[in-house]
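Chains, contacts and geometry: an overview
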Amino acid sequence: MDAALVPALGVIGSAIVAGAAAMYGSRISGRAQREGNAVTGFNSLTDQLQEERRELRTEVATLKAELATERSEVARLRLIVQQSGGTT
């Protein structure tokens, strides 16, 4: 073997190892970023769903109150009709 061949093979071997390490690191970094994006998206969707749920609970409470008001009005009107001699 020539004296210059050994260092050249060492440099080539080092370059191969460095390239493989860079590719592996890139894959790990890409996966971590995708997982981070997925978690961020999940948190955003969860927040949106919780907000919609709060709004729906408020709307249901309002509708229940309106229904109770309407029912009491119907009962009052039935009583008036009955007191006037009518039938319901």
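Note: the structure precedes this text.
Remember, predicted model here, so these are calculated numbers, not experimental data. (Residues numbered from 1 in each chain as written. Predicted model: local features only at pLDDT ≥ 70, side-chain atom pairs only at ≥ 80, totals over all residues. Heavy atoms only, no water.)

1. Considerations on the overall build of the chain
Regarding its fold elements, the chain presents 1 helix and 0 strands. When the 88 residues of the chain are sorted by exposure, 0% land in the buried category. Total accessible area computed for the chain in this model is approximately 7700 Å², and 62% of it derives from carbon and sulfur atoms. (Helix = DSSP H or I, 4+ residues; strand = E, 2+ residues; numbered from the N terminus. Buried < 20%, exposed > 50% of the residue type's maximum accessible area, 1.4 Å probe, protein only. Areas by Shrake-Rupley, 256 points an atom, 1.4 Å probe, with all protein chains shown as cover.)

2. Description of the pattern of salt bridges
Under the counting rule described, the total for this entry stands at 2 salt bridges. Between arginine 76 and glutamate 73 there is a salt bridge, with its nearest N and O atoms 2.8 Å apart. Linking arginine 76 with glutamate 73, this pair stays in helix 1 (residues 5-83), spanning 3 residues, or about one helical turn. The partly exposed category is assigned to arginine 76, whose relative accessible area is 41%. (Salt bridge = Lys/Arg side-chain N within 4 Å of Asp/Glu carboxyl O.)

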